[in-house]
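Here is what each chain is made of, one letter per residue.
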Amino acid sequence: MSEQITAGVAGGAPASGPLHGVRVVDLTTMVMGPYCTQIMADMGADVIKVEPPEGDATRYISAGPAPDMSGVFVNVNRGKRGIVLDLRTAEGKAAMTALIAGADVFIHSMRAKAITKLGLGYDEVAAINPRSSTPTATATPAADPTATARPTTTPSKPNADYPRCNSSSPAGPTTWAPSWPTRSPG
């Protein structure tokens, strides 16, 4: 692997905690997925944040302590190590495969069609590392967890595509989605 894994925003994971010894490969973006893995890092997991060459979109959404380091990005990525991989290249895919092979958890926030196009769908990841857990943190329509459409939440439909979390592991698939009450605007 020619890419260098570097210390993240606030160094690596704590030396102890209930998740000490658990390695997480984090291919999430925006807030929900990175917040999930930030909690795992806070609890001692070794979280490796994978970013594309252009960087995670949250680097640019608000002011922060340095250029390309928004406050949101710094907060939800603290305690993680980071690596830049271009998953559209053979070298990037090989590096990601090596990371997954040594991981306990591989988490992403991509739509099913997009992650499968990269060759990192559940079946491919299970072939690389059958003991890993592969949760997803996406905003796909609740009626279809394999949906390929982009989220369609709007002010007039505030809970149309609320976040859902799916997990697949050797123990079998599980799905969690919040059960928020439906409220009328006004």
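Above this text sits the structure in question.
Residues numbered from 1 in each chain as written. Predicted model: local features only at pLDDT ≥ 70, side-chain atom pairs only at ≥ 80, totals over all residues. Heavy atoms only, no water.

### As for the pattern of salt bridges
For side chains bearing opposite charge, pairing can occur when the charged atoms are close. Going through the model one piece at a time under the given rule, you end up with eight salt bridges. As a salt-bridge pair, Asp26 and Lys80 come within 3.1 Å of each other at their nearest N and O atoms. One end of the pair, Asp26, is in strand β2 (residues 23–27); the other, Lys80, is in the loop between α2 (71–76) and β4 (81–84), and 54 residues separate them in sequence. Here Glu51 and Arg59 are joined by a salt bridge, their closest N and O atoms 2.8 Å apart. Residue Arg59 is classed as buried on the basis of its relative accessible area, which comes to 18%. (Salt bridge = Lys/Arg side-chain N within 4 Å of Asp/Glu carboxyl O. Helix = DSSP H or I, 4+ residues; strand = E, 2+ residues; numbered from the N terminus. Buried < 20%, exposed > 50% of the residue type's maximum accessible area, 1.4 Å probe, protein only.)

### As for helix α1 (residues 32–42)
Turning to α1, its buried residues number three or more, namely Gly33, Pro34, Thr37, Gln38, Met40 and Ala41. Around the axis of α1, the buried residues are gathered within 160° of arc, so they sit on the same side. Phi turns positive one or two residues past the end of α1, at Gly44, with a value near 105°. (Arc of directions from axis to C-beta.)

### Topic: the environment of Leu87
When you line up the elements, Leu87 lands in the loop between β4 and α3 (90–101). Exposure remark for Leu87: the relative accessible area of 11% places this residue in the buried category. Residues Leu87 and Leu120, spaced 33 residues apart in sequence, show a C-alpha to C-alpha distance of 9.9 Å. Beyond its immediate chain neighbours, meaning those up to four positions away, Leu87 contacts Leu27, Gly92, Lys93, Met96, Leu118 and Leu120. (Contact = heavy atoms within 4.5 Å.)

### Thoughts on the layout of surface pockets
Of the voids in this model, the largest pocket is the one considered here, and its volume is about 480 Å³. Looking at the largest pocket, it is lined by 21 residues, and the ones nearest its centre are Leu27, Pro52, Glu54, Met110 and Leu118. Breaking the lining of the largest pocket down by element, the ones donating at least two residues are β3 (46–51) and α4 (112–117). Top element by residues in the lining of the largest pocket is β3. It accounts for three residues. Of the residues in the lining of the largest pocket, the class split is 10 nonpolar, four polar and seven charged. (1 Å grid on protein atoms, 1.4 Å probe; cavity = no way out; pocket = protein on both sides within 12 Å on 5 of 7 lines; lining within 4 Å. Points joined across faces, edges and corners; volume = space filled by probe spheres on them. Nonpolar A, V, L, I, M, F, W, Y, C, P; charged D, E, K, R; others polar.)

Nothing here speaks to function; it is geometry throughout.
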